[in-house]
Amino acid sequence: MIRPAARVVAALQGNSAVRVLGLCNFSSLDLDWAPLATLLRTKGCALEQLYLSSDEAVPDASLLQLLDAIASYGDFKSLAMDLPLSARQARKLSEAVRQNTGLAKLALWNESKLPAAVTKALLAVHPALTQLQVRYAGDSYGIAVAVSQMLGSQTLLSSLELDGSELGPKSLRALAKGLRGNQTLRELNLGGAHMGDSGIRILVPALATTRVQQLSLRGNDLGDRAAKDLAKLLENNTSLRELCCMDNSIGDKGATALAAALRKNATLSTLNLRWNSIGDEGIAAFGQMLPFNRSLRVLNLIRAAVEDAGAIAVAQGLEANSTLVELSLSKGRNSIDTVLQRVLLEFPELEPMGFDCQGLKTLYNIGLPFLDTLVQRLPNSSVNSTIGPSTAQAFARMLSRNTTLAKLCLADFDIDDKFFEILVSGLKSNSTLQHLHTSSFGFCNCRMPAEKPHRKELATMLLANQVDYSTKGKKKERKKGRRKKERRKKGRRRRKESKTWETKEKLREAKNKHQDQVSFHLFLILALVSSSFFPSSSSFLYE
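Residues numbered from 1 in each chain as written. Predicted model: local features only at pLDDT ≥ 70, side-chain atom pairs only at ≥ 80, totals over all residues. Heavy atoms only, no water.

Is there a simple way to think about the state of the cysteines in this case?
Put plainly, a disulfide is one covalent bond tying together the sulfur atoms of two cysteines. Following the criterion strictly, the structure yields zero disulfides and no others. There is no disulfide at Cys 245, and the cysteine sulfur nearest it, in Cys 244, is 6.7 Å away. (Disulfide = S-S within 2.5 Å.)

I keep staring at the pairing of strand S13 (residues 407-411) and nothing clicks. Help me out?
In summary, the side chains of a regular strand alternate between the two faces of the sheet. S13 sits mainly inside the fold: four of its five residues count as buried. Here strand S12 (residues 326-330) pairs with S13 via five bridges, running parallel. Bridge pairing links Glu 326 to Lys 407 in S13. Sheet topology places S13 next to strand S14 (residues 435-438); four bridges connect them, and they run parallel. Opposite Lys 407, over in S14, you have His 435 as the bridge partner. (Buried < 20%, exposed > 50% of the residue type's maximum accessible area, 1.4 Å probe, protein only. Helix = DSSP H or I, 4+ residues; strand = E, 2+ residues; numbered from the N terminus. Pairing = 2+ DSSP bridges.)

Can you help me understand helix H6 (residues 140-152) in this one?
Think of an α-helix as turning once every 3.6 residues; residues three or four places apart then point the same way. Helix length check: H6 (13 residues) gives 18 Å between terminal C-alpha atoms against 18 Å at 1.5 Å per residue, within 8%. Along H6, the positions that sit buried rather than exposed are Ser 140, Gly 142, Ile 143, Ala 144, Ala 146, Val 147, Ser 148, Met 150 and Leu 151. (Expected span 1.5 Å × (residues − 1).)

What should I look at first to understand the packing of helix H11 (residues 280-289) against helix H12 (residues 308-319) in this one?
At a minimum axis distance of 7 Å, the contact between H11 and H12 shows a crossing angle of 10°. Regarding the angle of H11 to H12, the classification is roughly parallel. Contacts from Asp 280, Ile 283, Ala 284 and Gly 287 in H11 reach Ala 309, Gly 310, Ala 311, Ala 313, Val 314 and Gly 317 in H12. Considering only residue class, the contact of H11 with H12 consists of six nonpolar, three polar and one charged. (Axes fitted to C-alpha atoms, helices over the stretch in contact; angles between N-to-C directions. Parallel < 35°, antiparallel > 145°, perpendicular 65-115°, else oblique. Contact = heavy atoms within 4.5 Å. Nonpolar A, V, L, I, M, F, W, Y, C, P; charged D, E, K, R; others polar.)

Following this line, the structure appears as structure tokens:
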């Protein structure tokens, strides 16, 4: 019987088109990777990316042969391994990583915690590595020391992810030592490290000396104190573009500090504060910040307990804002764990599939859209009251004046038909809003029209905006082309006119010169004629 992995390897023999190969979740009968090792050793394929995953331990002989082949296969750009590695296998992996000089991306993770021996693989990483992912590390201090040495040596490392590795104060100090002064790192993901407010205080001084553009601090038990430290970082930072602080415990004081910092910051474009403890005071602070900010494009405040006053402040701020493209607000204040528990209760069919609260949270953090759909289908028990008419009028007035907002999410608001009737009046003079997301009917566009007349009219308007928005770029390009042609024509006309003017000048000069010569010759002729007819006068003249 030919095993599935062997069939895949046989199909790859001599194939120069396949560049990515993933061998995932094979049974214990199909964990013999010797054929793949032989294929790599003989360079009988053109693979550049390899992903290996198995819930069961791989036999030593099979994996060691494969690692030997990886060490000598220089065409690899990316290697990802989701395997329960033994200490011996980890040491072999260290040698393979050290010998393969073409590797640019290395990803190691396993939910059963990676052994401490894996850190030796990081210590031996060559300077060509640009992306490194280590998830669920068992020896977080060893990982931090290894990464610190890599960052301190100014390698080409531009992306670092230590998701799920609990980093204590000792580990964070080691990591901060490597970050201090580093100029190559652009993406840093420290999600699920549970560092707390004290951990942020250790990292912020080091982050201020780097050029990190994307920073993720998801699920780190951060509070208002950590938010204030991050606000100090944002005040003078000129490199950070995206900041994710979702699934933390930031409250109104922390949100107010961040909003104050964004008045001065001119580079941050995305701020994700989903699943925090922000109330109406913090929401109002963000609304008051919007007229002064000129860089923020995406603001996510889902599961913040916004009321009418905060919503009105945000709408008024958007009237004078010219950069924000996507805004998400929510009236619920439940934690993510509470909501996911409600999902499991409302959809019991998930339990036989092996889903629990932690598993759903992992999928939610990854960003799978089906979980958002399930959350939207929950009974809306977190709603306290219907959104007021003053809030609806504020949003309608904002939409009539705002020229950049394309997506608006108002989750967990008990929105009635009166709201849509008011909103339609504002959308009549709006040409940018494409998606309106509410817990009442989901995404309102042409594909999911509602039955009520105002909702139908709203869906039609949003569809028209989508068409206008999609053709706006083409119209702009055509306009640019016309202007370019006109500039070319003007340039040709000027050059032609300048040449004509130069030709006329030359002709004028030649004509004047010719006239001078003719005048001189006439003068000589007249002089000679006069001397022949009037000799006495000529002698008199000579005398």
